[in-house]
Amino acid sequence: MVMIKMVLLKILLNVVVFSVLILTTVHSTIYDVEKYILNMPNVQPKKSDQYLCTPVKVNPSLSYYIVGFQPNASMNTVHHMILYGCKRPGLSKPVWNCGEMSTLDMQNHEGYANPCFEGNIIIYAWARDAPMLKLPDNVAFKVGKDTDILYLVLQVHYNHVEHFKDGTVDNSGVILHYTENPMPRLAGVLLMGTAGEIQPYSLESMETACPIQEDKVIHPFAFRTHTHELGVRVVGYRVRRKNGMLHWTMIGERDPMDPQMFYEVEKPLIIKKDDYVAAACKMDATKRDRVTRVGATSKNEMCNFYMMYWVEDSAPLDQQYCFTNGPPFYYWTQDFEDIPDIEKLEYRKTET
């Protein structure tokens, strides 16, 4: 099955071509954009909260530039999808059980593997009927030759499986829009998140922050938020220390119950070495009578802020993730002496 996908990709790389007019403030550029359909191969999930992965090999002798992501999925069937770039996939199989945050029992089960065996780069994520994502002009994710992305792995989380019990199968996925035309600006994703737990009948702020240690100029252009049922607000910041003062610049904020698409960063900003990136998820568990821990199932919670960015004439950041232990072990006050007033909400628990 994997070999069939490889053949299909080779065919698509050479046959399915159409022209797109890209307008910039300087000039107009016409280049060929092609499509590749990466779907689940008619799978039948057997249990709730099952994660399935399917891979496709990228031709390592050519460079490809992904400029758009067209989802082919419904929130009635799929909880969320993530597209990973891997040097080697988790398994050499058409489909396998996956999910990096799955239980230890699942990880010890034969046939289980993470999405990637080597390399682990998040390229795209989707949930809650988010629409197509088209990258800005001259921006693309580079895969294939001269990169560590030699496989693309689609991970799909199936929350409920009742409608599969009659034999129905699923082919949810994403249509990749790409070109072989080199792009001057290469895209990357930095995922911010936390571990931790939320106490019953409480309001909580789950927070993370990390310094940028690479000497690159980062231009955020889109962001995406993700929680489960308890999330009411997710926000991301750039934090810069200047003249002894902390300056907090918002990257974006969203109600995570909105379509979990990548939203445009409204005010252009740049992030440089020694800046911090920070994110927080405001959680409302005032009507829940149990402790809620971060995890992969619908009974758990997640706190994620995806920052999509571009760099010019350089590779994206080596840093892919920014995670903390979350509440009650980590709050922003451990890194910053001054927090924006808007974030000094009743959600923050008394620190111990």
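Residues numbered from 1 in each chain as written. Predicted model: local features only at pLDDT ≥ 70, side-chain atom pairs only at ≥ 80, totals over all residues. Heavy atoms only, no water.

**Quick notes on the confidence of the model for the protein chain**
Phase 1: Of all residues in the protein chain, 86% have pLDDT values of 70 or greater, and the mean over the chain is 87.
Phase 2: For the stretch residues 1-28, pLDDT sits under 50, and the model shows 62 contacts to residues farther than four places along the chain or on other chains.
Phase 3: Note that pLDDT drops below 50 for residues 100-108; the model gives that stretch 18 contacts with residues more than four away or on any other chain. (pLDDT = per-residue confidence, 0-100. Contact = heavy atoms within 4.5 Å.)

**A few points about the environment of Leu-91**
Phase 1: In this structure, Leu-91 sits in the loop between β6 (88-89) and β7 (96-97).
Phase 2: The spatial distance from the C-alpha of Leu-91 to the C-alpha of Cys-53 is 9.2 Å, given a sequence separation of 38 residues.
Phase 3: Look past the residues within four positions of Leu-91 in its chain and what remains in contact with it is Trp-96, Gly-111 and Ala-113. (Helix = DSSP H or I, 4+ residues; strand = E, 2+ residues; numbered from the N terminus.)

**Some details on the nonpolar core**
Phase 1: Grouped together as the largest cluster of nonpolar side chains are 56 residues, with contacts concentrated most on Phe-69 and Leu-152.
Phase 2: For this core, the element with the most residues is strand β12 (residues 151-158), which contributes 6 residues.
Phase 3: Among the nonpolar cores identified, the runner-up in size contains 28 residues, and Met-206, Leu-269, Ala-279 and Phe-305 belong to it. (Core = buried A, V, L, I, M, F, W, Y, C linked by side-chain atoms within 4.5 Å. Buried < 20%, exposed > 50% of the residue type's maximum accessible area, 1.4 Å probe, protein only.)

**Remarks on the state of the cysteines**
Phase 1: Throughout the structure, instances matching the rule amount to 4 disulfides.
Phase 2: A sulfur-sulfur separation of 2.2 Å characterises the disulfide bridge that pairs Cys-53 with Cys-98. Classification of the bridge connecting Cys-53 and Cys-98 rests on its S-S torsion, roughly 90 degrees, and on that basis the disulfide is right-handed. Residue Cys-53 is located in strand β3 (residues 50-57), and its partner Cys-98 is located in the loop between β7 and α2 (104-107); the two are separated by 45 residues in the primary sequence.
Phase 3: Assessed through its relative accessible area of 0%, Cys-53 is described here as buried.
Phase 4: Disulfide pairing places Cys-281 opposite Cys-303 at an S-S distance of 2.0 Å. Taking the torsion about the S-S bond as the criterion, the Cys-281 to Cys-303 disulfide, at about 90 degrees, is right-handed. Here Cys-281 is found in strand β21 (residues 276-284), whereas its partner Cys-303 is found in the loop between β22 (292-293) and β23 (304-312), with 22 residues between them in sequence. The same class applies to Cys-281 as to Cys-303, namely buried.
Phase 5: Looking at the protein chain, its bonded cysteines, counted consecutively from the start of the sequence, adopt the pairing 1-3, 2-4, 5-8, 6-7. (Disulfide = S-S within 2.5 Å.)

**Details of the sheet that holds strand β9 (residues 121-127)**
Phase 1: Ordered by their spatial adjacency, 5 strands build an open sheet running β7-β3-β12-β5-β9, and the pairing between neighbours is antiparallel. Sheet topology places β7 and β9 at the edges, where each strand pairs with a single neighbour.
Phase 2: Relative to β12, β3 runs antiparallel, the two sharing 8 bridges. Residue pairing in the sheet places Cys-53 in a bridge with Gln-155 of β12. (Pairing = 2+ DSSP bridges.)

**Thoughts on the sheet that holds strand β18 (residues 231-242)**
Phase 1: Spatially, β16-β21-β18-β19 is the arrangement adopted by the 4 strands of the open sheet, whose pairing is antiparallel. Taken across any chain shown, the strands that pair with only one partner, and hence form the sheet edges, are β16 (203-211) and β19 (245-254). Within the sheet, the average angular offset between the axes of one strand and its neighbour, ignoring direction, is 20 degrees.
Phase 2: Pairing analysis gives 9 bridges linking β18 to β19, with the strands arranged antiparallel. If you follow Gly-236 over to β19, its bridge partner there is Gly-252. (Axes fitted to C-alpha atoms, helices over the stretch in contact; angles between N-to-C directions.)

**Overview of the packing of aromatic side chains**
Phase 1: Under the defined criterion, the tally for this structure stands at 14 aromatic pairs.
Phase 2: Ring centres of Tyr-158 and Phe-164 lie 5.8 Å apart, and the angle between their planes is 90 degrees; on these two criteria the pair is classed as edge-to-face. With respect to class, Tyr-158 is no different from Phe-164; both count as buried.
Phase 3: Arranged with centres 6.1 Å apart and planes meeting at 80 degrees, the rings of Tyr-237 and Trp-332 form a pair that is edge-to-face. With Tyr-237 in strand β18 and Trp-332 in the segment after β24 (321-324), the pair connects residues that are 95 residues apart, well separated along the chain. Both residues of the pair, Tyr-237 and Trp-332, count as buried. (Phe/Tyr/Trp six-rings, centres within 6.5 Å; stacked < 30°, edge-to-face > 60°.)

**Some remarks on the pattern of salt bridges**
Phase 1: For the structure on display, the rule yields 13 salt bridges.
Phase 2: Across the pair Lys-216 and Glu-214 runs a salt bridge, and its minimum N-O distance is 3.7 Å. There is no split in this pair, since Lys-216 and Glu-214 are both buried.
Phase 3: Ionic pairing is found between Arg-241 and Glu-337, a salt bridge with its closest N-O pair at 2.9 Å. (Salt bridge = Lys/Arg side-chain N within 4 Å of Asp/Glu carboxyl O.)

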